[in-house]
Amino acid sequence: MADYDYDISPDGEEDFYPDFYPDNYALNEDDKLSPWNEQEGLPPMSLFQLYHSCIYPTINDGLNHIFKAVAWCIIYRITTQTVNIPKQLCHVASIACGSMVMYHFFGYYLFYMLAQGMIAYLSLVISSSGSKNISGWMCMFVCITFLLLCELFIVDAMHWHMIRAAQMLVAMRAISIGFQLDEKILASLPKPLPYFGYLFNVGTVSFGPWIPFKDYMNIEANNRSLLRCFINILRAFILSLIFLTISACFTLWLIPSGSSKWLLAYRDAMSFRSSHYFVSYLSELTALAAGIDTSTTERWTVTVTRPWHIELPRSLVEVVIHWNVPMHTWLKTYVFRVARPYGTFFAIIGTYGLSALLHGLNFQLAAVLLSLGFYTYTEHATRQKLASIFSACIQARKCGSNCGHQWKENHWAVRICNFSFSLLAVFHLAYLGLMFDSSKLQEEGYNWLHAIKKWRWLNFSSHWIVLGTFGFNYLI
């Protein structure tokens, strides 16, 4: 996937996750959701009861949101890709359908997304008119400043938490255009219609994913198998609903609130990850429905996340790569590679820091992202040294078939070592994911005291292990 030796980038969670929890799930004293019959001292729910009290209402509510988003994607696709209309009208249709989706999910708060797009375009006009290649950095500065001003002084916390993921996606698209201008990938700044059509395309405006400007411009040029596209749309639809029910129902049903604290931490982290998979597959669904194809082969494909690489990870490095593939690509291309000449550690921490800024002033998210930066650097450096010392394929990324190590992936000792690192990664994921539970405070974001309390509950054990690993890495 990457063409450099240290291939990691942080990524973000698509923060739009509607309140799919049914009314018969209530908060207990620990801010954790638990089935109502457990709180009343009754036996655990049967699967039949779970279906009627949680699975059915959750899917029903989810379908209401999914169908409205997909309907506008299909309208856009029929309008622009089944009949020959002028290119400018295709951009108008993209903006109009995207605005309808934004209004459905965000109401009049879509104004802030439109305002950010206009301000970013003005910065690109000004910066691209000069002789210096500063369009990308200037647009990044303007977008981050706009996001921080909105969060601090303009938009209330609850509504900002609702729209910040979509705001971040608008910023990422505008910033990528700026860097493509600097690198001469784009010969000139796009005209307003294609620019806003790209920023507010109906297939990516609410849930993502980020796509390059060229992929947007090639939407109407796709003449690939519609059967393959339909199969992938159906796949994304089914997987999104599966992970929605896992997040809202099954994790709480399988691991009750009376379990050990580490099981509860794993439960909350698993619920959070499943909600991310739900939104990720939903973004694949809307992108494909709108006619977007980011594959380089003759297949309709939009890959946002790879859950199997996250739930059974080789390393945390692989987790952050496969968590949000498009955002990983964006951060790797426009941040990590730019900062790499100043040192790997600086590039990693800077990349995660910028990712945190794009997500807003959210302490819990910043704490997790910056921790991940330190975790992945320590893991990568330590395993790279151990692989060199023992000449074994135990690096954070899987070795190629032609690597020079003596002990290959199929050796029993190498398998045991890599499996041990996988278990350690699962442990770290449970610890870090505890920060994102389902309490009401999550709607506005935790303050720093509440966030630290979550990790103190687990005795900061994961951080201590990583600090110990960092010291071990320094000694060897």
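Summarised in this report is the structure supplied together with it.

What counts and how
Residues numbered from 1 in each chain as written. Predicted model: local features only at pLDDT ≥ 70, side-chain atom pairs only at ≥ 80, totals over all residues. Heavy atoms only, no water. Helix = DSSP H or I, 4+ residues; strand = E, 2+ residues; numbered from the N terminus. Buried < 20%, exposed > 50% of the residue type's maximum accessible area, 1.4 Å probe, protein only. Contact = heavy atoms within 4.5 Å. Areas by Shrake-Rupley, 256 points an atom, 1.4 Å probe, with all protein chains shown as cover. Expected span 1.5 Å × (residues − 1). Disulfide = S-S within 2.5 Å. Patch = residues over 30% accessible without salt bridge, like charges linked within 9 Å, V, L, I, M, F, W, Y side chains within 5 Å. Salt bridge = Lys/Arg side-chain N within 4 Å of Asp/Glu carboxyl O. Phe/Tyr/Trp six-rings, centres within 6.5 Å; stacked < 30°, edge-to-face > 60°. Lys NZ or Arg CZ within 6 Å of the ring centre and 35° of its normal. Polar contact = N/O pair within 3.5 Å; in protein donor to acceptor, adjacent residues only side chain to side chain.

### Section: the overall build of the protein
Scanning the protein for helices and strands turns up 18 helices and two strands. Expressed as a percentage of its 476 residues, the buried residues of the protein come to 56%. The contacts in the protein between residues at least 6 apart in sequence include a share of 74% that link residues at least 24 apart. For the protein, the exposed surface amounts to about 20900 Å²; the carbon and sulfur share of it is 66%.

### What to know about helix α14 (residues 344-359)
Given a rise of 1.5 Å per residue, 16 residues ought to cover 22 Å, and the 23 Å separating the end C-alpha atoms of α14 matches this to within 8%. Turning to α14, its buried residues number three or more, namely A347, I348, T351, Y352, L354, S355, A356, L358 and H359. Phi turns positive, to about 100°, at G360, one or two residues after α14.

### Structural notes on the state of the cysteines
Applying the stated criterion to the full structure yields one disulfide. Residue pairing for C54: its cysteine sulfur links by disulfide to C249, the two sulfurs lying 1.9 Å apart. Around the S-S axis, the bridge from C54 to C249 shows a dihedral of about -90° and counts as left-handed. Taken together, the residues C54 in helix α2 (residues 47-81) and C249 in helix α9 (residues 226-254) connect sequence positions 195 residues apart. Cysteine C399 remains unbridged, with the sulfur of C393 as its closest cysteine sulfur at 3.7 Å. Taking relative accessible area as the criterion, C399 reaches 14% and is therefore assigned buried.

### Structural notes on a nonpolar patch on the surface
Taken together, the side chains of L149, L152, F153, I154, L357 and L361 make up a nonpolar region of the molecular surface, amounting to roughly 600 Å² of accessible area. With four residues, the top contributor of residues to the nonpolar patch is helix α5 (residues 135-154). Of note, I154 is situated in helix α5.

### A short note on the pattern of salt bridges
Applying the stated criterion across every chain yields a total of seven salt bridges. Notably, a salt bridge pairs R397 with E318, separated by 3.8 Å at the nearest N-O pair. Here E318 lies in helix α12 (residues 316-323) and R397 lies in the loop between α15 (363-390) and α16 (412-433), a separation of 79 residues in the sequence. In this structure R397 comes out as partly exposed when scored by relative accessible area, which is 26%. E318 gets classed as buried once you look at its relative accessible area, which sits at 10%.

### Re the packing of aromatic side chains
In this structure the tally under the stated criterion is 28 aromatic pairs. Between Y198 and F213, the aromatic rings sit 5.3 Å apart at their centres with planes inclined by 90°, giving edge-to-face as the arrangement. On the criterion of sequence distance, the pair formed by Y198 in helix α7 (residues 192-199) and F213 in helix α8 (residues 213-217) is long-range, its members being 15 residues apart. In this structure Y198 comes out as buried when scored by relative accessible area, which is 1%. Of the residues examined, F213 reaches a relative accessible area of 7% and is grouped as buried. Taken together through their ring pairs, the aromatic side chains of W137, F179, W210, W330 and Y334 make up a single cluster. The residue whose ring lies beneath R77 is W300, and the NZ or CZ to ring-centre distance is 4.9 Å. The residue whose ring lies beneath R383 is F421, and the NZ or CZ to ring-centre distance is 4.1 Å.

### Observations regarding the environment of H159
You can see H159 is positioned in helix α6 (residues 157-182). Classification of H159 as partly exposed rests on a relative accessible area of 29%. Once the C-alpha coordinates of H159 and Y109 are considered, the two residues, 50 residues apart in sequence, prove to be 8.0 Å apart. A distance of 2.9 Å separates polar atoms of two side chains, one belonging to H159 and the other to D156.

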